[in-house]
Amino acid sequence: MAEDRFPRSGVTQQAADSASPEDEPTDSGRDASTVAYLKIRKDILAGRAAPGSYLNQVHIARELAISRGPLREALRRLENEGLVISEKNRRSRVAELSASDAEQLYALRCVNERLAIELSVPLLTEDDLREMAEAFAAMQASDKTDEDAWEAAHERFHELALARAPGRIYGVVHELREHAGRYIRLLHMRGVGHPIALQEHEQLLTACQEADAGRAAQIVTSHLARTAFGVLTIVDPLYEPAALRQLMRRVLGGPMASASAS
């Protein structure tokens, strides 16, 4: 039986977001370190904690009403996740965006998201496909007018497309997608890629509706590759993504270099 990983029809994205672990009150039973970890992680991924900025541990501890010990543990978890860099003087700062990190992130996304979509597409239900079509329509309606609405519909679209992938694979893909948000924001700030992205999402929707897992996997991989090269052009125009190009040659038969928004 296919598993549901997010609210079904009739529940808005806003409602789903409000029920997420990051927004639960601090007295929900989780320990103080986990509360701090989730709060700081969410701020980093949402761009509220800017890349390269220092984290004021005194302020954070006071805001969350926790001691420095649990906070340091939370920062260690974030450091292991690659989101925070700790310095010798015990100061911590948000990891900066880099071409190398972006390349590795998108290479991992290409491999894992390709597998996830191949496994998910044959199991998509009529409700999944109907909601995907609704999410795509919302993307079209918000294009170039409301970036937040675009992103909410866009994330919903991909959640639905990947919904039936096995749980552990889905979890890996979801975390990679979260981390990619820091880079996608660069494309959004420059208004790059919406027309191409809409075309690719329409193609992906059609492939899912036709239960063509192989075609869906190719579209997703191509889509991610275009996004990766677009991001790299912004982060470091002179960077040569050798690993990503090698992966693209093996998967798609050739390198790709135009930008999209994933």
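Before reading on, note that the structure itself is shown above.
Here is a short report on the structure shown in this document. From a predicted model like this one, the values you see are computed outputs, not experimental measurements. (Residues numbered from 1 in each chain as written. Predicted model: local features only at pLDDT ≥ 70, side-chain atom pairs only at ≥ 80, totals over all residues. Heavy atoms only, no water.)

1. Describing the packing of helix H5 (residues 99-120) against helix H8 (residues 167-189)
The following threshold applies: Inter-axis angles, ranging from 0 to 180 degrees, are taken between N-to-C directions of lines fitted to C-alpha atoms, where helices are fitted over the stretch in contact. Each helix is a run of DSSP H or I of at least 4 residues and each strand a run of E of at least 2, with the numbering of both proceeding from the N terminus. The cut-offs work like this: below 35 degrees is roughly parallel, past 145 is roughly antiparallel, 65 to 115 is roughly perpendicular, and the gaps in between are oblique. By convention, the crossing between two helices is left-handed when the near helix turns anticlockwise from the far helix through less than a right angle, and right-handed when the turn is clockwise. Residues are treated as being in contact if the distance between any of their heavy atoms lies within 4.5 Å. Put simply, Ala, Val, Leu, Ile, Met, Phe, Trp, Tyr, Cys and Pro go in the nonpolar bin, Asp, Glu, Lys and Arg in the charged bin, and everything else, Gly too, in the polar bin.
Where H5 meets H8, the closest approach of the two axes is 9 Å, and the angle between their N-to-C directions is 140°. On the basis of their axis angle, the class for H5 and H8 is oblique. You can see that H5 and H8 cross each other, and the crossing is left-handed. For the pair formed by H5 and H8, the contact residues are Asp 101, Ala 102, Leu 105, Tyr 106, Leu 108, Arg 109, Asn 112, Glu 113, Leu 115, Ala 116 and Leu 119 on the first element and Ile 169, Val 172, Val 173, Leu 176, Arg 177, His 179, Ala 180, Tyr 183 and Ile 184 on the second. For the contact of H5 with H8, the class distribution of residues is 14 nonpolar, 2 polar and 4 charged.

2. Some thoughts on the nonpolar core
Rules: Nine residue types can take part in a nonpolar core, namely buried Ala, Val, Leu, Ile, Met, Phe, Trp, Tyr and Cys, and a core is a set of them joined through side-chain atoms within 4.5 Å. A 1.4 Å probe rolled over the protein chains alone gives each residue an accessible area, and that area as a share of the maximum for its type sets the label: buried under 20%, exposed over 50%, partly exposed in between.
Formed by 51 residues in total, the largest nonpolar core has its most connected members in Ile 117, Met 132 and Phe 157. If you list the elements that add at least two residues to this core, you get H5, helix H6 (126-142), helix H7 (147-161), H8, helix H9 (194-209), helix H10 (213-235) and helix H11 (242-252). Those residues in contact with Phe 157 that lie beyond four places of it in its chain are Met 132, Ala 135, Phe 136, Met 139, His 201, Leu 204 and Leu 205. Within the second largest apolar cluster, 19 residues are counted, among which are Ile 40, Ile 60, Leu 64 and Val 84.

3. Comments concerning the environment of Val 121
If you trace the backbone, Val 121 turns up in the loop between H5 and H6. When its relative accessible area of 2% is taken as the criterion, Val 121 is described as buried. With 87 residues separating them along the chain, Val 121 and Cys 208 place their C-alpha atoms 5.8 Å apart. Ignoring sequence-local partners within four residues, the contact set of Val 121 consists of Ala 207, Cys 208, Ala 211, Asp 212, Ala 213 and Ala 216.

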